[in-house]
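Observations on chain architecture
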Amino acid sequence: AGGAAGHPHHPCARSIAGAIAAAIALAEPVAICHRNRMSKKDFAFRHPFRVRWSETDAQGVVFNARYLDYADIAITEYWRASGWHAMCDTPLECHVKKATVTWSAPILPDEMIEVMARTVAVGRTSMTQLVEIHGHHADGRDDLRAEVELVAVHVDLATHRPQPLPDWVRPHLAAFDARAMEPA
């Protein structure tokens, strides 16, 4: 077999698990990274709030389902902060098609946390938004607790069928998120 893929140690020649095992056996470095991880400075929008005791469970930490509540708070406040109301008279109606929570560390009762949000992709009828939940510290240090990726589809509420996003959405959110790159 010719080419790199034909070599028995090339990742395309076997499963991912096999490729990792071969890399370890050959003492080759294997890079594993989370595809969404951003620096806190990459977020133009941040919203701090205190965890309420009612949001925790018998384990003494925030209950799993609350991470989606926190993502909803983040996206609601993100849209409000973006000034969308200047672009249209009524809110966009969207259904969440997919929500993925990646947990990193527990959140405790009465703790101050900070949610951050940004839009990472806009398609014809949908958009993907990333929310990060961090411990909120006066010194601003990075303290990631969870990431939530949301894919929302713009819908016609009468039919619940996808419909194209308005033309203003992509440039409006891109300009809002670009504020993260502006000097402080």
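Up top is the structure.
Throughout what follows, the structure given in this document is the object of discussion.

Reading the values: the criteria
- Throughout, residues of each chain are indexed from 1 in the direction in which the sequence is written.
- Local features in this predicted model are restricted to residues of pLDDT 70 or higher, and side-chain atom pairs are both shown and tallied only at a pLDDT of 80 or more, whereas totals for entire chains, interfaces and linings draw on every residue.
- Hydrogens and water molecules were not included; the side-chain quantities draw on all heavy atoms of the structure.
- A run of DSSP states H or I qualifies as a helix once it reaches four residues; a run of E qualifies as a strand once it reaches two. Both are numbered from the N-terminal end.
- Per-residue accessibility, obtained with a 1.4 Å probe over protein chains only, is compared with the maximum for each type, and a residue is labelled buried under 20%, exposed over 50%, and partly exposed between these values.
- Note on areas: Shrake-Rupley with a 1.4 Å probe; residue coverage comes only from the protein chains shown.
- Put simply, a salt bridge is a Lys or Arg side-chain nitrogen that is within 4 Å of an Asp or Glu carboxyl oxygen.
- Here, residues are in contact when the closest pair of their heavy atoms is within 4.5 Å.
- Nine residue types can take part in a nonpolar core, namely buried Ala, Val, Leu, Ile, Met, Phe, Trp, Tyr and Cys, and a core is a set of them joined through side-chain atoms within 4.5 Å.

**Some thoughts on the overall build of the protein**
- On a plain count of helices and strands, the protein comes out with three helices and six strands.
- When the helices and strands of the protein are read in sequence order from the N terminus, they spell out α-β-α-β-β-β-β-β-α.
- A total of 184 residues make up the protein; the buried ones form 38% of that total.
- In the form shown here, the protein has an accessible surface area of approximately 10900 Å², with 58% of it arising from carbon and sulfur atoms.

**With respect to the pattern of salt bridges**
- Tallied over the full model, the rule gives seven salt bridges.
- Asp69 serves as the salt-bridge partner of Arg66, at 3.2 Å between the closest nitrogen and oxygen. Taken together, the residues span about one helical turn, with Arg66 and Asp69 both in helix H2 (residues 66-82) at a distance of three residues.
- A relative accessible area of 25% places Arg66 in the partly exposed class.
- You can call Asp69 partly exposed: its relative accessible area is 35%.
- For Arg145, the salt bridge goes to Glu111, with nearest N and O atoms at 2.4 Å. Remark: Glu111 occurs in the loop between strand S2 (94-103) and strand S3 (112-122) and Arg145 occurs in strand S5 (residues 144-156); sequence separation between them is 34 residues.
- For Arg145, a relative accessible area of 7% puts it in the buried group.
- Residues participating in the shared-partner salt-bridge network are Glu111, Asp143 and Arg145.

**Description of the environment of Ile107**
- Residue position: Ile107 is located in the loop between S2 and S3.
- Ile107 sits in the buried class, given a relative accessible area of 0%.
- For the pair Ile107 and His134, spaced 27 residues apart in sequence, the C-alpha to C-alpha distance is 8.8 Å.
- Apart from residues lying up to four places away in sequence, Ile107 is in contact with Val51, Val61, Val62, Tyr67, Tyr70, Ile113, Ile133 and Arg145.

**What to know about unusual backbone geometry**
- In this structure, Asp110 takes a positive phi of about 65° despite not being glycine.
- Within the secondary structure, Asp110 is located in the loop between S2 and S3.
- The phi dihedral of His160 is positive, around 60°, even though this residue is not glycine.
- Mapped onto the fold, His160 is located in the loop between S5 and strand S6 (161-162).
- The exposure class assigned to His160 is partly exposed, which follows from its relative accessible area of 47%.

**Notes on the nonpolar core**
- If you look at the biggest cluster of nonpolar residues, it comprises 30 residues, and the most contacted ones within it are Tyr70, Trp79, Ile107, Val131 and Ile133.
- Of all the secondary-structure elements, those providing two or more residues to this core are strand S1 (45-50), H2, S3, strand S4 (126-135), S5 and helix H3 (169-178).
- Per-element tally for this core: the top contributor is H2, with seven residues.
- Once residues lying within four places of it in the same chain are set aside, the contact partners of Trp79 are Trp84, Leu92, Met127, Gln129, Trp168, Val169 and Leu173.

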